[in-house]
Amino acid sequence: MNKQLSIIGVPMDLGQMRRGVDMGPSAIRYAGVVERLENLKYTIEDLGNIDIPLPSKKDDNKLDNLRNLNEITEGSHRLAVAVDEVVEKGNFPLVLGGDHSIAMGTLAGLSKHYDNLGVIWYDAHGDLNTGDSSPSGNIHGMPLAVSLGIGHEKLTGILDYEPKIKPENIVIIGARSLDEGERVLIKEKGIKVYSMHEVDRMGMTQVVQESIAYLKDHTDGVHLSLDLDGLDPDEAPGVGTPVMGGLSYRESHLAMEMLYQSEMITSAEFVEVNPILDEKNKTANMAVGLMGSLFGESLK
């Protein structure tokens, strides 16, 4: 793992309806992420937070069934530029969210540096909606589709190129809440998905082993996009769209440990920590614990 880390906070809460997730980066920092990673002998550069535009109040700011489209586009562009600069100087980008719409900016800044960027999408949701298929118009349910070049041109065209990723380079782990349009797209594009059914039946060890094998041969970098709602809400209550029956904290630690051992992760983001909905910063502390495992923390 690259020992030079640059942390970027993204206080984005425009991609969904529940306020508070903009405080996620602060909650994660308060939970000791910098100290945790410095103890693992990483050199940390904390770049602070990206400035996110304030939403306009006109007509609920919903264009083409996309809430806060212009503001999210601008915020995503700023994040993409910051991530691009981190990769240019040879550091590992670690992005702290914020809602999951920020992945559009992260992937835009990353993918231009790779021929075949792989993505592990650790999430209860597929985030493969578009303005046409989304029941809510919330853009945090669209970043994976946007990164495939599917969706509104303002979003797909961040940094003036598309697509950012290819469907055969994606693995979704922990899915248990998919809209009908997402199911159709997954089948149409042949996206590899390990739902909770597969995790329960196969076990996390086999799921991660297969994911590593699937991505390792044909990708030249792998980005981990981890939504804390991938975990069961009994363990990670501070998220905006909780879905029962999720991954356990221990399963998630195992997954992170295996990804560290694979030596294939080249960037990461941890999103959807909402301290207003949390219990004594429990979810942010879990995020930091999982980061510890991803970056090599062990009992040995």
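Under the annotation held in an unreviewed UniProt entry, the protein chain carries the name Arginase and is attributed to Halobacillus amylolyticus. Among the UniProt annotations of the protein chain, the heading Pathway (unreviewed entry) holds the following wording: "Nitrogen metabolism; urea cycle; L-ornithine and urea from L-arginine: step 1/1."

Right, let's get into the pairing of strand 8 (residues 192-195). Strand direction decides the pairing type here: strand 7 (residues 170-175) and strand 8, joined by four bridges, are parallel. In the strand pairing of strand 8, A175 is matched with S195. Read as a crossover between parallel neighbours, the route from strand 7 over helix 7 (residues 180-189) to strand 8 is right-handed.

Taken in spatial order, the eight strands of this open sheet run 2-1-5-10-9-6-7-8, and their pairing is parallel. Looking at strand neighbours, the two that pair on one side only are strand 2 (43-49) and strand 8, the edges of this open sheet. Recorded for the sheet is a direction-independent mean angle of 15 degrees between the axes of neighbouring strands. Where strand 1 (residues 4-10) lies against strand 5 (residues 92-97), six bridges are found, and the strand directions are parallel. Looking at strand 5, one finds that L5 is bridged to F92. Across the sheet, helix 9 (residues 204-216) touches strand 6 (117-122), strand 7, strand 8 and strand 9 (221-227), and the angle it forms with strand 7 is around 165 degrees.

Turning our attention to unusual backbone geometry. Along the chain, G97 connects to G98 via a cis peptide bond; the corresponding omega equals 20 degrees. Looking at the element boundaries, G98 is found in the loop between strand 5 and helix 4 (103-111). For the peptide bond that leads from E162 to P163, omega is -10 degrees, which places it in the cis range. Within the secondary structure layout, P163 lies in the loop between helix 6 (153-156) and strand 7. Positive phi, normally seen in glycine, also occurs at N68, with a value near 60 degrees. Assignment of secondary structure puts N68 in the loop between strand 4 (66-67) and helix 3 (69-88). On the accessibility criterion, N68 (7% relative accessible area) is buried. One non-glycine residue with positive phi stands out, namely D127, at about 55 degrees. Mapped onto the elements, D127 comes out in the loop between strand 6 and helix 5 (143-147).

Rules used throughout
- Per chain, residue numbering runs from 1 following the sequence as it is written.
- Local features in this predicted model are restricted to residues of pLDDT 70 or higher, and side-chain atom pairs are both shown and tallied only at a pLDDT of 80 or more, whereas totals for entire chains, interfaces and linings draw on every residue.
- Derived side-chain values reflect all non-hydrogen atoms in the structure, with water molecules and hydrogen atoms excluded from consideration.
- UniProt positions are given in the numbering used here, feature names are shortened, and annotations may be inferred rather than shown by experiment.
- Between any two strands, pairing holds if DSSP finds at least two bridges.
- Numbering of helices and strands runs from the N terminus, with a helix taken as a DSSP run of H or I at least four residues long and a strand as a DSSP run of E at least two residues long.
- By the criterion used throughout, a crossover qualifies as right-handed when its path from the first strand across the helix to the second strand runs clockwise, the strands pointing away from the viewer.
- In this analysis an axis means a line fitted to C-alpha atoms, helices contributing only their contacting stretch, and an angle means the value between N-to-C directions, from 0 to 180 degrees.
- Only heavy atoms matter for contacts: two residues are in contact if any of them lie within 4.5 Å across the pair.
- Burial status follows relative accessibility: with a 1.4 Å probe on protein chains alone, a residue under 20% of its type maximum counts as buried, one over 50% as exposed, and anything between as partly exposed.

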